[in-house]
Structures are given as C-alpha cells and as structure tokens.
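Residue-level structural notes
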Amino acid sequence: MQIMKLFVSEGNPHCLKVLAVLELTGVKCDVQHVNHEEKVVPFLSRPTLPALHLRGGLYLFSTNAICQYFYEVSGTESNKQSNQWLEWEATELQPALTRALHLAVMQGKTTDPAKALEAPLSFLEQSLTKRTTAFLTAETVGVADIVLWGALYPAFLENGLKMGELQSTKTWFDRVGVLPACEASSRIVFKGKGVEALKGYLQKQPVPHGSQAHRDSHTSSSG
Amino acid sequence: MALRELSSLEKFLGLKKPNKYSTQGDRKVPVLQSNSGPGLVGLVTIATQLTQEAKRPDLLGKSAEERAVVQQWLEYRVARLECCVKEDIKTILKDLNTYLEDKVYLAGNHITIADPLMYYGLHPVIMDLAVMDKEKYLNVTRWFDHMQHYPGVRHHLPPVVVLRNRVYTSGHH
C-alpha cells in the first residue's frame, strides 16, 4: 500500500496546523516541502496548500479536514463541539484573519488589522471565559485547539496584535503554544523570521475582499 | 435560506420530528435550538448532527478517508461557495467540473450529505446559468440534474431545466 503524502510550503500559515496535528497524533505520513506555486491537487485551478494525497488516490485540500482526518485515524472521533469550532474557524475567523494579515504584512498597517479581528476575537474570548475545561472542548488538547491556535499564531506573532485585554485567550493560547508539537511546527513554518516569513506566501494570494475598505483613513493604500 | 435547506435535509434524512431553529449574525448562521444548554451553530455542524440523529452514518462517509472528503466539501460549501464574489463563481464551477469528471457523487460512488448541501448552495447559481454555460460545465450540470431528481432531495427548490440529451450524450456514463 502506498504511503500518504502531505504537501506543505514554507511560510504558509495553514501548514502550521497540519504539521502540529501530524506531530501530535503520530500518524505515519510522508511530508514533502514544495513551493507555493506547486499545483498539487489536480482539479483545483489555484495552487492550494497544504494538501494531503490519500492512499486511495483522493486529495484533501482543506486544512481543517486534513487535521480532523489525522485525529480520526489516530483514534479520536470528532464531536459536535469540535465540529462547531472548525466551522466557525473556516467561516468567521479565516476571512477576518486573511484580511488582517494582508493589511499587516503587505500594507504595513498597524490599527486596521486589529479592527478586522475585533469581532471574532471577542467571541473567542467570551467562549473561553465561560468554558470549564483546560482546552476548548476537553481537558486534553483537541483538534479545535490546534486549528484555532494555528490560525491565530501569525496574528499574535511579535507586536502584530496585543492580547492585553484578552486574558482567557492569552492563557489558552499559551497553553497550546508550549506543546512540543506546536513549537516544532512553528519552527518549521516560520524559521524564526516572524511575520516576515509569510510575505512570499501572501504575495501569491489574491487580495482579500474588503482589505481596501478603510481608504478614507488617509493612509496610503494602493491595494 | 439555510433554514429551509435544513428542513429539506430533515425530510431527506427521514427525520419525523422537525427541530427548532433560529439564526444569528449578519450572515444569518443557523442555530439548532436545544432544550438543554446552548444551541448548535453552523450549517455543516447541524447537518452532521442531524445525520447522526437519523442514524445514517453512511451519509457522512463509510471510511475515515471518505468522511474527510465529505467534511471537506461541506466546508467548501459554507466557506467558499457561500462567501464568494461573482468572479469566484467561475473558478468554483470550473474546479467542481474537473473534480466531477470521473465521479457520480462528491464522495465518489455513493451519495453523502455533501451532495444535497452542495446542490442547495449551487441552486441559485445554476438557475442563472445560460444554456451555453450549462454545456461548458457539463459534469456539474449532469451531477446537478441527478441531484434534483434524486428521491427526497429537491423539496423547497424549483427544478432547473437541463437539456438532458445534451448533457448525457457526450461521453462517460
């Protein structure tokens, strides 16, 4: 039987999650480093990474589906709470993050990125404050923790965003971040270069909708 | 929109007792009301839950690989199709068309909940497609027509006219 292949690229923030989950679950899988332009998934017109080539020949191109799959084959079934977090991450947090990262890294804005993330972060803070377990869905780290931590990692990197007010988020974020699997994956993806490491990746992405929204603030935004 | 879709999905799954729903936020995200504790939020999350309640695990995928593929297309539906602007639609149709070239259903050879949910999401798009485009995205049109004739799927939506002789004659089957 041929072995699964995971395709990742350096400086791609989405690879953080899959590499951390891979390390954490110990699933056997070949990891191939390719460049951002590599068209791995044959039916997608835009290069999409990370991607997982399954043994049966199928491709997974959704970061969260890959993470959930690794968890499942290592013996942890998904549950409705983690499903709900994964859907929230994909539909609410990701669009805001894409805008925020574009504004911060590509346009050098300082206040707009925080504004873009205000709503999802305040929702996360409220949910984390109300929770009764150490992690998002249980006492042990689950797929939702890694997916959200990996998504937020580039935003909280360096002085990008201040977490001062977000006490519960900070406590939870640090708890996930010190796991050896998370430390290792952030070293692989960021190579200690900070948000600058994302530049090459972000340059290849389409300009996110709404990232030119604050034109009236008189900061130079040529798009 | 999402609520009518969920009620159609309940019927498709053969759930006898309809659930109570509400929506939240600007995007009108569906919430499944619960008697005990907070409701369940999100179309994919609720659809997955309903399928489990209906004891139809086959509709979520028969293996870990298939379950991942189903979740992937469900996410694609709410994250890509739902949030997309006009220019993206063409890419989505093109990619789906390539993907469906050698498949009957999104997960391969049998139906899963990814199919009705993608069908509901694509319905307004396919309604607006010119005849020429329907021929251009032949595999999507063939899959779509198959879905709208699949027992129990269409429910709240009007049928879309597909020139079946054009869609079905050329090639694979």
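Above: the structure in question.
For the structure given in this document, a descriptive report is provided here. Since the model is a prediction, treat every value here as computed from it, not as a measurement. The residue numbering used here restarts from 1 in each chain and proceeds along that chain's sequence as written. In the order they appear in the text, chains get letters beginning with A and ligands get numbers beginning with 1. In keeping with the predicted nature of the model, local features appear solely for residues at pLDDT of at least 70, side-chain atom pairs appear and are counted solely at 80 or more, and the whole-chain, interface and lining totals rest on all residues. No hydrogens and no water enter the side-chain calculation; it runs on all heavy atoms of the structure.

**So, the overall build of chain A**
Labels follow the DSSP assignment, with helices taken as runs of H or I lasting at least four residues and strands as runs of E lasting at least two, numbered in each case from the N terminus. From N to C terminus, chain A includes 8 helices and 4 strands. The order of α-helices and β-strands along chain A, N terminus first, is β-α-β-β-β-α-α-α-α-α-α-α. Put simply, the radius of gyration uses C-alpha atoms, and a globule should come to 2.2 Å times the residue count raised to 0.38. Computed over C-alpha atoms, the radius of gyration of chain A comes to 17 Å, within 12% of the 17 Å expected from 2.2 N^0.38 for 223 residues, which places it in the range of a compact globule. Each principal axis of the C-alpha atoms in chain A carries an extent, and together these give about 60 × 45 × 30 Å. When each of the 223 residues of chain A is scored for burial, the buried share is 55%. Any two residues whose heavy atoms approach within 4.5 Å at even a single point are treated as in contact. For chain A, long-range pairs separated by at least 24 residues make up 72% of all intrachain contacts whose partners lie at least 6 apart in sequence. Per-residue accessibility takes into account occlusion by the displayed protein chains alone, with areas from the Shrake-Rupley method and a 1.4 Å probe. Of the roughly 10200 Å² of accessible surface on chain A, 50% is carried by carbon and sulfur atoms. Note that His is not counted, nor are the chain ends; the positive residues are Lys and Arg, and the negative ones are Asp and Glu. Each charge is placed at NZ for Lys, CZ for Arg, CG for Asp and CD for Glu. Taken as two groups, the 21 positive and 21 negative side-chain charges of chain A have centres that lie 4 Å from each other. Using a 1.4 Å probe on the protein chains alone, a residue whose accessible area is under 20% of its type maximum counts as buried, one over 50% counts as exposed, and one in between counts as partly exposed.

**Observations concerning the overall build of chain B**
In terms of regular secondary structure, chain B is built from 8 helices and 3 strands. In chain B, the succession of α and β elements from N to C terminus is α-β-β-β-α-α-α-α-α-α-α. In terms of overall size, chain B behaves like a compact globule, its C-alpha atoms giving a radius of gyration of 16 Å where 173 residues would be expected to give roughly 16 Å. Expressed as lengths along the three principal axes of its C-alpha atoms, the size of chain B is roughly 55 × 35 × 25 Å. Taken across its 173 residues, chain B has 53% of its residues classed as buried.

**Examining the sheet that holds strand S3 (residues 51-53) of chain A**
Strand pairs in the sheet, formed through backbone hydrogen bonds, run parallel or antiparallel to each other. All names here are of chain A. The criterion for strand pairing is that DSSP finds at least two bridges linking the strands in question. The 4 strands are arranged S2-S1-S3-S4 in an open sheet whose pairing can be described as mixed. A single partner strand is all that each edge strand has here, and the edge strands are strand S2 (30-33) and strand S4 (59-60). As defined by bridge partners, strand S1 (residues 5-8) adjoins S2 across 4 bridges and the pair is classed as parallel. Note on S2: the bridge partner recorded for Lys5 is Asp30.

**Considering the interface of chain A and chain B**
Taken residue by residue, the interface counts 24 residues in chain A and 31 residues in chain B. Note: buried area is the sum, over both parts, of the accessible area (probe 1.4 Å) each one loses when the two are combined. Carbon and sulfur atoms make up 57% of the area that chain A and chain B hide from each other, which totals about 2400 Å². Broken down residue by residue, the surface that chain A buries against chain B is led by Phe43, Gln84 and Glu87 of chain A, which jointly contribute 23%. Counted as salt bridges are all cases of a side-chain nitrogen of Lys or Arg within 4 Å of a carboxyl oxygen of Asp or Glu. Summed over the shared surface of chain A and chain B, the number is 2 salt bridges. Definition of a polar contact: a pair of N or O atoms within 3.5 Å, with one able to donate and the other able to accept a hydrogen when the atoms are protein atoms, and with sequence-neighbouring residues admitted only if both atoms are side-chain atoms. At the boundary of chain A with chain B, the tally comes to 14 residue pairs in polar contact (both at pLDDT 80 or more). Breaking the side of chain A that touches chain B down by element, the ones donating at least two residues are S4, helix H2 (63-73) and helix H3 (80-106) of chain A. Among the elements that line the side of chain A that touches chain B, the one with the most residues is H3 of chain A, at 7 residues. Broken down by class, the residue content of the side of chain A that touches chain B amounts to 11 nonpolar, 8 polar and 5 charged. In this classification, the charged set is Asp, Glu, Lys and Arg, the nonpolar set is Ala, Val, Leu, Ile, Met, Phe, Trp, Tyr, Cys and Pro, and all remaining amino acids, among them Gly, are polar.

**Overview of helix H7 (residues 180-190) of chain A**
All names here are of chain A. Looking at H7, one finds that the buried residues are Ala181, Cys182, Ala184, Ser185, Ser186, Val189 and Phe190. Elements that come into contact with the buried residues of H7 comprise helix H1 (13-25), helix H5 (143-156) and helix H6 (167-177). Just past H7, the residue Lys191 takes up positive phi, approximately 50°.

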